Amino acid sequence: MRWSGLLLAAYIIFHLLHLTGGVVGFRAGQFVPLHPYQNVVAAFAVWPVALLYIVAMGALCLHLDHGIWSILQTFGWNTATNEAKLKIFSRVIAIIVFLGFTSVPVSVMAGWLH
Ligand code: HEM
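**Student:** So what about the overall build of the protein chain? Which residues, and what values?
**Tutor:** In terms of helices and strands, the protein chain carries 4 helices and 0 strands. Moving toward the C terminus, one meets the helices and strands of the protein chain in the order α-α-α-α. A globule of 114 residues ought to have a C-alpha radius of gyration of about 13 Å, yet the protein chain, at 17 Å, is considerably larger. Principal-axis analysis of the C-alpha atoms gives the protein chain an extent of 60 × 25 × 25 Å. Expressed as a percentage of its 114 residues, the buried residues of the protein chain come to 31%. Within the protein chain, contacts between residues separated by at least 24 positions form 59% of all contacts whose residues are at least 6 apart in sequence. When the accessible area of the protein chain is evaluated, it comes to approximately 7500 Å², of which 74% is carbon and sulfur surface.

Given below as structure tokens:
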């Protein structure tokens, strides 16, 4: 949790400088404010950037896998009989979030978005 949390904190700072500010990851004049579609396509056409996002979403997935389960436990919703099901539930949500977010860089790299 500590390492995935630190990686996510670094990711969020990079992400805001990248796709919100256009301060990093773009050539001069390439980032167009208020044109997120074009910016996303230009951003993920650079495969190391796309890979960085996919790795960060992996960290998010691991963080959520444990984090969702942990929240449910804190609420006291786990019992001896439902514990295994709650762990599966947390993992399924984490995987859905991972697939949803990574679908964006993957779609650009695959040429489905241009
Ligand atoms: C592959 C995954 C992701 C993609 C493709 C993506 C894409 C974007 C884009 C295009 C913007 C700029 C929107 C605009 O300028 O109108 C943005 C902003 C933002 N993203 Fe992401 N994002 C991703 C993952 C995440 C994650 C995991 C978080 C949070 C943990 C996050 C938090 C934010 C925040 C806080 C903003 C600033 C809000 C804004 O600019 O309107 N993003 N994202």
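**Student:** Would you mind going over the packing of aromatic side chains in detail, with residue names and values included?
**Tutor:** What the rule picks out here adds up to 5 aromatic pairs. Between the aromatic rings of Phe26 and Phe31, the centroid separation amounts to 5.2 Å while the plane-to-plane angle is 65°, which identifies the pairing as edge-to-face. Here Phe26 matches Phe31 in class, with each residue buried. One residue, Lys87, lies across the ring of Trp69, its end atom 5.1 Å from the ring centre.

The rules behind the values
- Residues numbered from 1 in each chain as written.
- Predicted model: local features only at pLDDT ≥ 70, side-chain atom pairs only at ≥ 80, totals over all residues.
- Heavy atoms only, no water.
- Helix = DSSP H or I, 4+ residues; strand = E, 2+ residues; numbered from the N terminus.
- Rg over C-alpha atoms; globule rule 2.2 N^0.38 Å.
- Buried < 20%, exposed > 50% of the residue type's maximum accessible area, 1.4 Å probe, protein only.
- Contact = heavy atoms within 4.5 Å.
- Areas by Shrake-Rupley, 256 points an atom, 1.4 Å probe, with all protein chains shown as cover.
- Phe/Tyr/Trp six-rings, centres within 6.5 Å; stacked < 30°, edge-to-face > 60°.
- Lys NZ or Arg CZ within 6 Å of the ring centre and 35° of its normal.

Function cannot be inferred from these measures alone, as they are strictly geometric.
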